[in-house]
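If you want the building blocks of each chain, they are given just below.
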Amino acid sequence: EPLIPADPTLETLVLAEAHPRAADIAFGLAMRAYDFNTHNSGEKVAPGPVSLAVANPEAVAAAAAPMAAVAEGVFFTRDLVNEPANVLTTSDFAARLAAMQELGLHVEILEEPEMIKLGMGALIGVGQGSESPSKIVVMQWNGGPKDQPHLGLIGKGVVFDTGGISIKPAGGMEDMTADMGGAGVVAGVMRTLALRKAKANVVGLVGLVENMPDGRAQRPGDIVRTMKGDTVEVINTDAEGRLVLADVLWYAQERFAPAAMIDLATLTGAMVV
């Protein structure tokens, strides 16, 4: 069994010469080493290095490479979810996704004027009370056959959710910095696909907004029109996720005609209750 020393600065040696799952062990150790300490003002102690003693290092390295790509995607998602909302604004979020073009992803950013022109009244309504402009980021990975339709991944990216005019209780509201978790997962998946050079066609779209109370914020009773053309009466401004996803899902369907779509969003608190 691997020995994990009490002192995290010490090197750990894992003997796995005959272990058929050496790559899995390496993946597990990597996942365990994650730590979000970007904003810590105290001393940062990095975990010590771990060595795997294996009979065939080349084979283990080849088996571990796809898992390393998964770990990097997971860490990217965790970093996004853990960032406070004053750091991960809609603009900062979009910039981090745009930087993934270096990995071979094709990334586009739709700004508010274009979304208004497309008729995305539902998504625009959610973010109109925020100083941070609403955005849609489109990430394409085209690693499969040219005639193969894309799989669509759609993520809710509410970088902070106060509930808007229907404001949430103060207790626990700080956790609403994670209301972009669905968009974070989509971003992490797209990063992993690019790192693995996956032989698949996948498009990831995320709607980035901030739901804030303001003189310009939408009110309960307002009526908005979706890109599809449906009208929606807003009864509670804290039911914002479905409005964001409605427009992004319709846009994805109209533009890409995907083989299937999966939407990812943080659960509404009413489901927990």
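Everything numeric here is computed off the predicted structure, so don't read it as measured data.

(A) Summary view of the overall build of the chain. Helices and strands together make up the secondary structure of the chain, namely 8 helices and 9 strands. Judged by the C-alpha coordinates and their principal axes, the chain covers about 65 × 50 × 35 Å. Within the chain, the fraction of its 273 residues that count as buried is 41%. By sequence separation, contacts in the chain at least 24 residues apart represent 77% of the contacts at least 6 residues apart. A total of about 14,100 Å² of accessible surface is found on the chain, and carbon and sulfur atoms cover 57% of it. The positive charge centre, built from 20 side chains, and the negative charge centre, built from 33, are 6 Å apart in the chain.

(B) Region of the structure containing the nonpolar core. Counting residues in hydrophobic clusters, the biggest one holds 25 residues, and the most contacted among them are Phe 93, Leu 97, Val 137, Met 139, Met 190 and Val 206. The element contributing the most residues to this core is helix H6 (residues 181-196), with 6 residues. In this structure Met 190 touches Leu 105, Met 139, Gln 140, Trp 141, Leu 153, Val 202, Val 203 and Gly 204, once residues within four positions along its chain are discounted. One finds Leu 110, Ile 154, Met 227 and Val 244 within the second-largest nonpolar core, a separate group that totals 24 residues.

(C) A look at the sheet that holds strand E9 (residues 260-264). Overall, mixed pairing links the 5 strands, which are arranged E3-E4-E6-E5-E9 in an open sheet. The open sheet has two edge strands with one neighbour each: strand E3 (106-110) and E9. The sheet shows a mean angle of 15 degrees between the axes of neighbouring strands, direction not considered. Contacts between helix H7 (residues 241-256) and the sheet are confined to E3, strand E4 (135-142), strand E5 (151-161), strand E6 (201-211) and E9, with E6 contributing the most and set at about 150 degrees to the helix.

(D) Inspection of unusual backbone geometry at higher detail. Of note, Lys 197 is a non-glycine position whose phi angle comes to about 55 degrees, a positive value. Tracing the backbone through its elements, the reader meets Lys 197 in the loop between H6 and E6. Residue classification places Lys 197 among the exposed residues on the basis of a relative accessible area of 54%. In this structure, Ala 257 takes a positive phi of about 45 degrees despite not being glycine. Within the secondary structure, Ala 257 is located in the loop between H7 and E9. The exposed category is assigned to Ala 257, whose relative accessible area is 55%.

(E) Summary view of helix H1 (residues 22-32). Every buried residue of H1 is accounted for by Ala 22, Ala 23 and Met 31. On the buried face of H1, the contacting elements are strand E2 (50-53) and helix H2 (57-82).

What counts as what
Residues numbered from 1 in each chain as written. Predicted model: local features only at pLDDT ≥ 70, side-chain atom pairs only at ≥ 80, totals over all residues. Heavy atoms only, no water. Helix = DSSP H or I, 4+ residues; strand = E, 2+ residues; numbered from the N terminus. Buried < 20%, exposed > 50% of the residue type's maximum accessible area, 1.4 Å probe, protein only. Contact = heavy atoms within 4.5 Å. Areas by Shrake-Rupley, 256 points an atom, 1.4 Å probe, with all protein chains shown as cover. Lys, Arg positive; Asp, Glu negative; His and termini not counted. Charge placed at Lys NZ, Arg CZ, Asp CG, Glu CD. Core = buried A, V, L, I, M, F, W, Y, C linked by side-chain atoms within 4.5 Å. Pairing = 2+ DSSP bridges. Axes fitted to C-alpha atoms, helices over the stretch in contact; angles between N-to-C directions.

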